[in-house]
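Below, each chain spelled out in residue letters.
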Amino acid sequence: MTRYTGIIDAYRSRMPLPADAKAISLGEGRTPLIKLDNLVRHEGVEADLYVKFEGTNPTGSFKDRGMTMAVTEAVHRGAKAILCASTGNTSAAAAAYAARAGIKSFVLIPEGKIAMGKLAQAVVHGATIVQVRGNFDDGMRLVKEVSETSPVALVNSVNPYRLQGQKTAAFEIVEALGRAPDYHCLPVGNAGNITAHWLGYSESAGLPTAADSHFAAHSTIGNFATVTTRPHMVGYQAAGSAPFMRGGPVKDPETVATAIRIGNPQSWDLALHVQTESKGWFDECTDAEILACQRLLAEQEGVFCEPASATSLAGALRDLKSGKIPAGSTVVCTLTGNGMKDPDIILKGGFPPMIEVDAVKSAVERVLVDRL
Ligand code: F0G
C-alpha cells in the first residue's frame, strides 16, 4: 500500500510539467463515483446514473485538481504570489495551495455574492481578499489586466495548467467504469471544467481535440486506462446566468447558484469546440429546479452538494425523463462542490423547524414515538 499523494504524482507522465517540478499537493483527486440507484427509482428513469462527487477534494471542490497544477508550475517558475478572480471556490483553493507552497495569494471576489464557507476558507488560509464593486466578470477583467504588469501568477482557468489538472477527473471515471460514459453532464460557468473533462476523455481515447489549444502534442497514455469512445458532453447553466443559451455574454447574471453567476465565460471558444466534437449540447435550469435537485439528492442518496453542482443533475434528470438522453444510458454528472460551503442556502430554504424539548428523557421519547 503506497500513500496516495495527489493527481500530479498519480498521472505525472500525462502532465506537461518540467521533470524537476516538485508537486505542491494536498492529496486532491480520487473522489468517489457514486451510483444513484435510489434516485433513479424515485424519479422513474432508466439509466446507470452516477455522480462524481468533487466535494470530497481537500478544499471541497474540483478546483483543487487545477490548483495543484497551476501552483506547482508557478512555484517552479519562481512565482512568489498568485492572483485570481473568483465566485468562491477558486479563491478557497488558491488560498490553500498558496499556503501550502509558502507564497502569497490575492483573490478578487464579487461583493456580497460569495458563499460563507468559501469566504471563511480564503480568510483562514491568509489570502488578501479584495471585494470588487462589481461581479465576477469585472473581477476576471481586472486580474487579467493586473497580471500583465505585476509579478503575480494568474491562476484562473485561463491558465492552461488548470485545465490539465482538471482533466484527471475524466481519467478517474474511465478507470472506475472501465469505459467512458455515454453522457457526461456538468454545470457551466467559465466553461473551463467542461473543456478539461473533454481533454481527459480525448487523451484516454488517444484522439486529438480542437479544445486542446495549449498542449496539443501532449498525450501520453503509458500504462493508463484507455477507451474507444468519448461521451456526449452536456453543459447546464443557471437560467439567469446562461450566456451559452443566449448566444453571447449576459450583462447582469443572477442566480442562487453563486458559483456559476458568470455572464462572460472565459473558455467560450473551447467549450463550443467541445459541444461540436462531442455532439453534446447546452441547456439551462431555473433556480427552483437547482434547489429542488440539491435537496432531492441529499434526501435520497445522502450526498450534499452546493447549488451550482446540482445544476448538472437537475438537467440530466430532465433530459432522461424527456428521452433526450436515451433510457439505458450510462450517465455521469459532476458534482463540483461540497454543500457545506453554502449552509445559508439550506437554513433559509424552508426546512421543518427544529423541535425544542426540556432536558428530560420522556420529552425526547415523545418526539420519537410520534414519528417512528
Ligand atoms: N461549480 C462550482 C461549484 C464552481 O465553483 C464553478 C466555478 C463551476 C461549477 C463552473 O465551472 O467555471 O469551469 O465552468 N467556479 C469558479 C470560481 C468560477 O471562481 O470558483 P467552470
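Starting afresh in each chain, residues are numbered from 1 along the sequence in its written order. It should be noted that, the model being predicted, local features are given only for residues of pLDDT at least 70 and side-chain atom pairs only at 80 or more, the latter also being counted only at that level, while totals for whole chains, interfaces and linings use all residues. The basis for every side-chain value is the complete set of heavy atoms in the structure, and neither hydrogens nor water enter the calculation.

Student: Please explain the overall build of the chain as it appears in this structure.
Tutor: Per the secondary structure count, the chain includes 15 helices and 10 strands. Relative to a compact globule of 372 residues, whose C-alpha radius of gyration would be 21 Å, the chain shows 21 Å and is just as compact. Its C-alpha atoms put the chain at 65 × 50 × 45 Å along the principal axes. Burial classes: relative accessible area under 20% of the type maximum marks a residue as buried, over 50% as exposed, and values in between as partly exposed (1.4 Å probe, protein chains only). The 372 residues of the chain split such that 57% are buried. A contact between two residues is defined here by any heavy atoms of the two lying within 4.5 Å. Put simply, 73% of the contacts in the chain that link residues at least 6 apart link residues at least 24 apart. Runs of H or I in DSSP of at least four residues are treated as helices and runs of E of at least two as strands, each being numbered from the N terminus. Radius of gyration here is computed from C-alpha atoms only, and the compact-globule reference equals 2.2 Å multiplied by the residue count raised to the power 0.38.

Student: Can you walk me through the pairing of strand E3 (residues 81-85) in this structure?
Tutor: With five of five residues buried, E3 is to be regarded as a mostly interior element. Side chains of E3 alternate between two faces, with Ala 81, Leu 83 and Ala 85 and Ile 82 and Cys 84 buried alike. The sheet contact formed by E3 and strand E4 (residues 104-110) spans five bridges and is parallel. Residue Leu 83 lies in a different strand from E4, and its bridge partner there is Phe 106. Each parallel crossover has a hand, and the one from E3 via helix H4 (residues 89-101) to E4 is right-handed. Relative to strand E6 (residues 153-154), E3 runs parallel, the two sharing two bridges. Opposite Leu 83, over in E6, you have Leu 154 as the bridge partner. Note on pairing: two strands pair once DSSP finds at least 2 bridges between them. Assignment of crossover handedness uses the view with strands pointing away from the viewer, where a clockwise path from the first strand over the helix to the second indicates a right-handed crossover.

Student: For this particular structure, what's the right way to read the site of the ligand?
Tutor: Here a residue is near a molecule or strand as soon as one of its heavy atoms is found within 4 Å of it. Lining the immediate environment of the ligand, one finds 20 residues, of which Ser 86, Thr 87, Thr 90, Ala 191 and Thr 336 sit closest. With respect to the ligand, the backbone of Asn 193 contributes an N or O atom lying 2.8 Å from an oxygen atom. Taking 480 Å² as the accessible area of the ligand by itself, protein coverage stands at 99%. Of all the secondary-structure elements, those providing two or more residues to the shell around the ligand are H4 and helix H9 (192-204). Residue type decides the class: Asp, Glu, Lys and Arg count as charged, Ala, Val, Leu, Ile, Met, Phe, Trp, Tyr, Cys and Pro as nonpolar, and the leftover types, Gly among them, as polar. Here the residues of the shell around the ligand are counted per class, giving eight nonpolar, 10 polar and two charged. N or O atoms within 3.5 Å of each other form a polar contact, as long as, within protein, one can give a hydrogen and the other can take it, and as long as residues adjacent in sequence are counted only when both atoms are side-chain atoms. Residue burial considers only the protein chains on display, and all accessible areas are found by Shrake-Rupley using a 1.4 Å probe.

Student: What exactly am I supposed to notice about the sheet that holds strand E1 (residues 33-35) here?
Tutor: As a general point, the strands of a sheet are linked pairwise by backbone hydrogen bonds and lie either parallel or antiparallel. Here six strands make up an open sheet; going across it, the order is E1-E2-E10-E7-E8-E9 and the pairing mixed. At either end of the open sheet lies a strand with only one pairing partner, and these are E1 and strand E9 (281-285). Neighbour-to-neighbour, the strand axes of this sheet turn through a mean angle of 25 degrees, independent of strand direction. Taken together, the five bridges between strand E8 (residues 232-238) and E9 define a ladder with parallel strand orientation. Among the inter-strand pairings, Tyr 236 is bridged to a residue of E9, identified as Asp 283. The strands touched by H9 within the sheet are strand E7 (183-187), E8 and strand E10 (330-335), with E8 carrying the most contacts at an inclination of about 170 degrees. To get an axis, fit a line to the C-alpha atoms, keeping to the stretch in contact for a helix; angles then go from 0 to 180 degrees between the N-to-C directions.

Student: What am I meant to see in a nonpolar patch on the surface here?
Tutor: For patches, a residue must show more than 30% relative accessible area and have no salt bridge; joins then use 9 Å for like charges and 5 Å for nonpolar side chains, namely Val, Leu, Ile, Met, Phe, Trp and Tyr. Salt bridges, as used here, are contacts in which a Lys or Arg side-chain nitrogen is within 4 Å of a carboxyl oxygen on Asp or Glu. Judged by side-chain polarity, Ile 355, Val 357, Val 364, Leu 368 and Leu 372 come together as a nonpolar surface patch covering roughly 510 Å² of accessible area. By the secondary structure assignment, Ile 355 is in the loop between helix H14 (343-347) and helix H15 (361-371). Taking relative accessible area as the criterion, Ile 355 reaches 48% and is therefore assigned partly exposed.

Student: Please clarify how the sheet that holds E4 should be interpreted in this entry.
Tutor: Taken in spatial order, the four strands line up as E5-E4-E3-E6 in an open sheet, and their pairing is parallel. Of all strands in the sheet, those bounded by a partner on one side alone are strand E5 (128-132) and E6.

Student: How should the packing of helix H8 (residues 168-177) against H9 be read in this particular structure?
Tutor: When two helices pack together, their arrangement is captured by the angle between the axes and the distance separating the axes. Across the interface, H8 lies against H9 with an axial gap of 7 Å and an inter-helix angle of 50 degrees. The angle between the axes of H8 and H9 places the two elements in the oblique class. For H8 against H9, the interelement crossing comes out right-handed. Where H8 abuts H9, its residues Ala 169, Ala 170, Phe 171, Ile 173 and Val 174 lie against His 197, Gly 200, Tyr 201, Glu 203 and Ser 204. When the residues that make up the contact of H8 with H9 are grouped by side-chain class, the tally is six nonpolar, three polar and one charged. What sets the label is the angle itself: under 35 degrees gives roughly parallel, over 145 gives roughly antiparallel, 65 to 115 gives roughly perpendicular, and the rest give oblique. We call a crossing left-handed when the near helix sits turned anticlockwise from the far one by less than a right angle, and right-handed when that turn is clockwise.

Student: Sorry, what's going on with the pattern of salt bridges here?
Tutor: Inspection of every chain in the model, using the stated rule, returns 18 salt bridges. Among the ionic pairs, Asp 138 bridges to Arg 141, the shortest N-O distance being 3.4 Å. Placement of the pair is Asp 138 and Arg 141 together in helix H6 (residues 136-149), with a separation of three residues, close to one helical turn.

Student: What exactly am I supposed to notice about H6 here?
Tutor: Given 3.6 residues per turn, any residue in an α-helix points the same way as the ones three and four places further on. What a helix is expected to span follows from its residue count: subtract one and scale by 1.5 Å. The first and last C-alpha atoms of H6 sit 21 Å apart over 14 residues, in line with the 20 Å expected at 1.5 Å per residue. Taken as a whole, H6 has its buried residues at Phe 136, Asp 137, Gly 139, Met 140, Val 143 and Ser 147. End-on, the buried residues of H6 take up no more than an arc of 155 degrees, which puts them together on one face. In this structure, H6 carries Glu 148 and Thr 149 as exposed residues pointing more than 90 degrees from its buried face. Picture the helix axis, draw a direction to every C-beta atom, and the arc is the one those directions span.

Student: Just checking my understanding: could you explain the pairing of E8 for this structure?
Tutor: Within a regular beta strand, the side chains point alternately toward one face of the sheet and then the other, so they alternate between its two faces. Of all seven residues making up E8, six are buried, and the element is well covered by its neighbours. Across five bridges, the pairing between E7 and E8 is parallel. If you follow Leu 186 over to E8, its bridge partner there is Gly 235.

Student: When you look at the side chain of His 197 in this model, what are you seeing that I'm missing?
Tutor: Mapped onto the elements, His 197 comes out in helix H9. On the accessibility criterion, His 197 (1% relative accessible area) is buried. Those residues in contact with His 197, other than ones at most four positions away along the chain, are Gln 166, Ala 169, Ala 170, His 184, Leu 186, Met 233 and Thr 334.

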